[in-house]
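Letter by letter, the chains look like this.
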Amino acid sequence: MTAEATPSLVEATDGPAQAGPSVRGPRARTTTAYLRYVAGKLGGAAVSLLAVLVTSFFLFRLIPGDPVKYMTGGRQVSAGQLAHYREEFGLDLPLWQQFTDYCGKALTGDLGTSYQFRAPVIDKISEALPNTLLLTGTAFVLYTALGIFLGTRSAWRAGGTSDRLNTGLALTLYSIPSFWLGLLLIIVFSVGMGPIPGLFPTGGMESGGKEGFAYVLDVAHHLILPVVTLVAVEYGQTLLVTRSALLDEMGSDYLTTARAKGLRDDLVRRRHAVPNALLPTVTLIFINLGRTVAGVILVETVFSWPGLGGLFYQALSVPDLPLVQGLFFVFASAVIVMNTLADLIYPLLDPRVGR
Amino acid sequence: MTTTESDGPMTTEATPQVATVGPRTLAWQRRRHSAVRFWRQYRTHRAGVFGLAALSLFALIALTAPLTVGSDVQSVTGAPGGPMESPSARFPLGTDQFGRNLLGLVVWGARVSLLVGLLAAVLSVAIGALIGITAGHFRGWYATVIMRITDWFLVMPTLVLAIALMTVMSRSIGTIILAIGVTTWPTTARLVRAQTLAVESRPYIERAKALGGGHWHIMSRHVLPNVMPLVLAQTTLIISSAILAEATLAFLGLGDPTVVSWGGLLQDAREAGAVSAGKWWYLVPPGVAIAVVALAFTLCGRAVESVLNPKLGVTR
């Protein structure tokens, strides 16, 4: 049994790598073929976004009990007030009418009104979005660069001491809950422990009352610990993906040729092996963005960063359903949009796609 | 790696016995042989052996917890110590804000964390295997639709989906398992489908069909045994992410408030102000426990994977 299973397992485990655009890439790299490919991808993304919209509506209507109860927070209210709240949030209408209203409003950018802030959900989201982008963007660039750099070095000297150390460390950090690492960093570097004074602020994004360059420095100072936490828990995945992609390329004939030409080892790696190994890596980095979103929610919660993740946590504790619903939509569509972007860029990077 | 070499002696050993023993005995003999071969190769992966040892230790701790600490460690009334005591000879890890013994709580928490991790992973892999096998077996529109849904789930932020599910369901261990299980299956589905396609292109499937084997027969007797090794490796890997997911949900206050789990302990610690008070000894043990168990499952999963599929090169 195993003898039969073993060779086919190889094909099977190639599965996720092909989950990317390579399967459905354009046949020839002509402009029309690329445009058709783009149209297909955009259509797929539109369907996915619609599915998210529908899911986010019906999922949060499954909740048992009366949503108005969460708004009043268990206070004694008269039946008239309850009816007023229902009318205010459109909860007195039949479900299908709520749904069509919701879809229509969502298309114009109206995601409803938050129960706890009494403000439009879209306003709360657009307030918090730049902060999240700052944190996530910085962390994403850093952990991708670090992961690819270390992954390349690991694969090139696979089995060596530094490879084993690197892989071991990556796996360990990958298994650590991000919120726990954040809490520990706060204790050690913000609250201060033993001889270490409190070097960093415990949370938030700014100390207030600063302007111009001082403000930028202040935000950067607040940014360091959250970014370090995110990078630490996320770079391992990129490292492992890059490493195994490069290992797949290691035995290739073109590398032997490159070496036979007398190229330096360093050049063989940088010019020949790494660009080819990066292709599957890019797909997987984007597929794994969902994990980063989870990391962001936790890190923002722990560091009280005024971003979407922190907002999500606040919304969950009530639960403030319109806000949870809106944020769910934003998180899911962000990942879908990023994946579609990666799909669109992919054939431009790899001329072999679909051939 | 050595599969083809070790296959040789096995077949020659088995051939003369065909006449004397039934097919069932023969099948069991083969299974025993491949299990022995599997273990022999698994042993060569040092990280995998370390992971297995760590897991056995934690499993032992969790199973014997009723004898060593007893279920009354989690009771808030009549707690033995004062609130937030530092580690001492009486309480090696200190006490929590209710004066409960933290060592006992961490030991007791192993039960919930391991149970949820295991069951959620089993559920997730079962869904993934079912969808993967059927999508690989029945081609056509069914497979297209199912794989579209799988792709959609694959890019969804898993944890956000699980959180959304937990906000609409009641808070209990069962719903946590359900929320993790129904959000983490797509990777397994993709892997199993690819494997199913590979198996179904083999001549013996054609032979089975020619002999009148139906869908059920082919899927359960031919495809399932062939995807089992993959499913096993996948389960081990998913357990570690399920344990992390459980801890995360508990930390966000979406766990079962009536049971003690490692994530729940961390949430308690944060709410009690252990962070700003610098009480690191409250936070360290539950986190270390989560990390060690998650790492151990990952190491085991990678070792299993590389034994079954030496070409993958995960541990090369």
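Residues numbered from 1 in each chain as written. Chains lettered and ligands numbered in written order. Predicted model: local features only at pLDDT ≥ 70, side-chain atom pairs only at ≥ 80, totals over all residues.

In the annotation of an unreviewed UniProt entry, the entry for chain B reads ABC transporter permease, and the organism field reads Streptomyces olivochromogenes. Quoted straight from UniProt, the Sequence similarities (unreviewed entry) entry for chain B says "Belongs to the binding-protein-dependent transport system permease family." (UniProt positions renumbered as here; feature names shortened; annotations may be inferred.)

In the annotation of an unreviewed UniProt entry, chain A is listed under the name ABC transporter permease and assigned to Streptomyces olivochromogenes. UniProt, in the comment section headed Sequence similarities (unreviewed entry), describes chain A in these words: "Belongs to the binding-protein-dependent transport system permease family." Listed in UniProt under the heading Subcellular location (unreviewed entry), the comment for chain A reads: "Cell membrane".

The number of helices and strands found in chain B is twelve helices and zero strands. If you take every contact in chain B between residues at least 6 apart in sequence, the share linking residues at least 24 apart comes to 70%. (Helix = DSSP H or I, 4+ residues; strand = E, 2+ residues; numbered from the N terminus. Contact = placed C-beta atoms within 7 Å.)

Another point: the overall build of chain A. The helix and strand inventory of chain A stands at 15 helices and zero strands. Across chain A, the fraction of contacts at a sequence separation of at least 24, relative to all contacts at a separation of at least 6, is 72%.

Let's shift gears to the confidence of the model for chain A. Residue and element names in this part refer to chain A. Taken residue by residue, chain A gives an average pLDDT of 79. The fraction at 70 or more is 83%. Averaged pLDDT values for the elements of chain A fall to 35 in helix H1 (residues 2-13) and rise to 90 in helix H7 (residues 121-156). Counting contacts from residues 1-28, a segment whose pLDDT is below 50, to residues more than four positions away or on other chains yields 64 contacts. (pLDDT = per-residue confidence, 0-100.)

Moving on to the UniProt feature "domain: ABC transmembrane type-1" (unreviewed entry) in chain B. Residues given the UniProt feature "domain: ABC transmembrane type-1" (unreviewed entry) here are residues 110-301 of chain B. Taken as a whole, residues 110-301 of chain B contains 81% helix and 0% strand, while its terminal C-alpha atoms sit 20 Å from one another.

Residue and element names in this part refer to chain B. Taken as a whole, chain B shows an average pLDDT of 82; of its residues, 89% reach a score of 70 or greater. In this model residues 1-14 is a low-confidence stretch, pLDDT under 50, and it forms eleven contacts with partners more than four residues away in sequence or in other chains. For this predicted complex, the interface confidence reaches an ipTM of 0.81, while the overall pTM sits at 0.81.

A separate point is the nonpolar core. One finds Leu327 of chain A together with Val160, Ala162 and Ile163 of chain B to be the most contacted residues of the largest nonpolar core, which totals 160 residues. With 17 residues, helix H10 (residues 215-251) of chain B is the largest single contributor of residues to this core. Once you skip the residues sitting within four places of it in the chain, Val160 of chain B turns out to touch Val293, Ala294, Phe328, Phe331 and Ala332 of chain A. (Core = buried A, V, L, I, M, F, W, Y, C linked by C-beta atoms within 7 Å. Buried ≥ 20, exposed ≤ 12 C-beta atoms within 10 Å, placed from the backbone.)

We now examine the packing of helix H4 (residues 102-137) of chain B against helix H8 (residues 186-200) of chain B. All names here are of chain B. Where H4 meets H8, the axes come as close as 7 Å, and the angle between the chain directions of the two elements is 40 degrees. Every pair of crossing elements has a handedness; the one defined by H4 and H8 is right-handed. Counted together, Ser124, Val125, Gly128, Ala129, Ile131, Gly132, Ile133, Ala135, Gly136 and His137 of H4 and Thr188, Ala189, Arg190, Leu191, Val192, Arg193, Thr196, Leu197 and Glu200 of H8 form the full contact between these two elements. Residue composition of the contact of H4 with H8, by class: nine nonpolar, seven polar and three charged. (Axes fitted to C-alpha atoms, helices over the stretch in contact; angles between N-to-C directions. Left-handed = near helix turned anticlockwise from the far one by under 90°. Nonpolar A, V, L, I, M, F, W, Y, C, P; charged D, E, K, R; others polar.)

All names here are of chain A. With numbering matched to this structure, UniProt assigns "transmembrane region" (unreviewed entry) to residues 42-63, 133-156, 168-192, 212-233, 277-303 and 323-349. With 93% helix and 0% strand, the stretch residues 277-303 has end C-alpha atoms that lie 36 Å from each other. Here residues 323-349 runs as 100% helix and 0% strand, with 38 Å between its end C-alpha atoms.

As a further point, take the UniProt feature "transmembrane region" (unreviewed entry) in chain B. In the UniProt entry, the feature "transmembrane region" (unreviewed entry) is given for residues 47-67, 112-133, 145-166, 172-192, 227-252 and 280-301 of chain B. Measuring from the first to the last C-alpha atom of residues 227-252 of chain B gives 36 Å, for a span that is 96% helix and 0% strand.

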